[in-house]
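Each chain is listed here by its residues.
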Amino acid sequence: MKLLRRSFYQRNTVDVAQDLLGKIVVREFNNVRMTGRIVETEAYSCFEPACHGFRGQTESNKALFGPVGHAYIYFIYGMHYALNVVARDDKTLGGGVLIRALEPLEGIERMEKLRKIHEIHNLTNGPGKLAQALHITKKLYGVDLTKKGELYIADDGFKKPSIIATQRIGISKAQDMMWRFVIKGNPFLSKKIK
DNA sequence: AATCGGATCGTCT
DNA sequence: GACGATCCGATTG
């Protein structure tokens, strides 16, 4: 397991979104280690209207404009958290990759307890679900994901998977852009592909 | 299988 | 005061 270096995130947001597929999210919580393989992502760049940073930097979205490789976490619909990794090239003001689904690996029992369910295929197959399963809240806002700690991202040598691009989910603007990426045929996606 | 509405609250208009 | 990068359970076909 190797940490992903900061330079990994210092690239075009869409490229990073694709290359994060197959990587591992590691969560250390109360001495329990929970991990999952990233199987679904979406790219958001602050020059397009679906991005939280489109209208400029605010207190709540400031991480999107901060150093790459850190966590941007937001709270939505009154009950869900979602995890992004800040990623952009040098000429872009802000951008991030939404982690939409994981394939659970380690700490599955703990995830089941946090999610209050026992179906492995329903544990982390959505942005709100995986945040609940890994106990990701705004306390982790801005955490550096390139360093070992409560939350980070690693590469276990998983072979670069074949991927499919689709439209992003749940947005009302810029719906035509094909910026959602999934590992082809993976059974832990938030939504089946047509 | 597909669609619909309720839950619930931080953020911006 | 409205709405959102969602989820879940209920209802309908």
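The structure this text deals with has already been given above.
Thresholds applied
- Residues numbered from 1 in each chain as written.
- Chains lettered and ligands numbered in written order.
- Predicted model: local features only at pLDDT ≥ 70, side-chain atom pairs only at ≥ 80, totals over all residues.
- Heavy atoms only, no water.
- Near = heavy atom within 4 Å.
- Polar contact = N/O pair within 3.5 Å; in protein donor to acceptor, adjacent residues only side chain to side chain.
- Salt bridge = Lys/Arg side-chain N within 4 Å of Asp/Glu carboxyl O.
- Buried < 20%, exposed > 50% of the residue type's maximum accessible area, 1.4 Å probe, protein only.
- Helix = DSSP H or I, 4+ residues; strand = E, 2+ residues; numbered from the N terminus.
- 1 Å grid on protein atoms, 1.4 Å probe; cavity = no way out; pocket = protein on both sides within 12 Å on 5 of 7 lines; lining within 4 Å.
- Points joined across faces, edges and corners; volume = space filled by probe spheres on them.
- Nonpolar A, V, L, I, M, F, W, Y, C, P; charged D, E, K, R; others polar.

As a further point, take the protein's contact with DNA strand B. Within the structure, DNA strand B sits among R55, T58, S60, F75, Y77, G78, M79 and K138. Here a base oxygen of DNA strand B and a backbone polar atom of Y77 are 2.5 Å apart. A distance of 3.5 Å separates a sugar or linking oxygen of DNA strand B from a polar atom in the backbone of G78.

A full pass over the atoms with the stated rule returns 14 salt bridges. Here E28 ties to R33 by a salt bridge, and the two come within 3.3 Å at their closest N and O atoms. Looking at E28, the relative accessible area reads 28%, which means it is partly exposed. Between E40 and R180 there is a salt bridge, with the nearest N and O atoms lying 2.9 Å from each other. Here E40 is found in strand β3 (residues 32–45), whereas its partner R180 is found in strand β9 (residues 180–183), with 140 residues between them in sequence.

So, on to the protein's contact with DNA strand C. Around DNA strand C, the structure places 18 residues, and the nearest of them are H52, H80, N84, R115 and K129. Looking at DNA strand C alone, sugar and phosphate atoms form 52% of those within 4 Å of the protein. One of the side-chain N or O atoms of H80 is found 2.8 Å from a base oxygen in DNA strand C. Contacts to DNA strand C include N84, whose side-chain N or O atom sits 2.4 Å from a base nitrogen. Listed by contribution, the elements that provide at least two residues to the surface near DNA strand C are β4 (71–76), β5 (80–86), β6 (95–104) and α4 (127–133). Considering every element that reaches the surface near DNA strand C, the biggest residue donor is α4, with three residues.

Estimated volume of the largest pocket: approximately 630 Å³. Surrounding the largest pocket, 28 residues form its lining, H52, Y74, I76, G170 and I171 being those nearest its centre. Element by element, the count of residues in the lining of the largest pocket is highest for β5, at four residues. Looking at the lining of the largest pocket residue by residue, the classes come out as 16 nonpolar, eight polar and four charged.

Another aspect to go through is the environment of K148. Mapped onto the elements, K148 comes out in the loop between α4 and β7 (151–155). Owing to a relative accessible area of 64%, K148 belongs among the exposed residues under this scheme. Each C-alpha atom of the pair K148 and D90 lies 25 Å from the other, and the pair is 58 residues apart in sequence.

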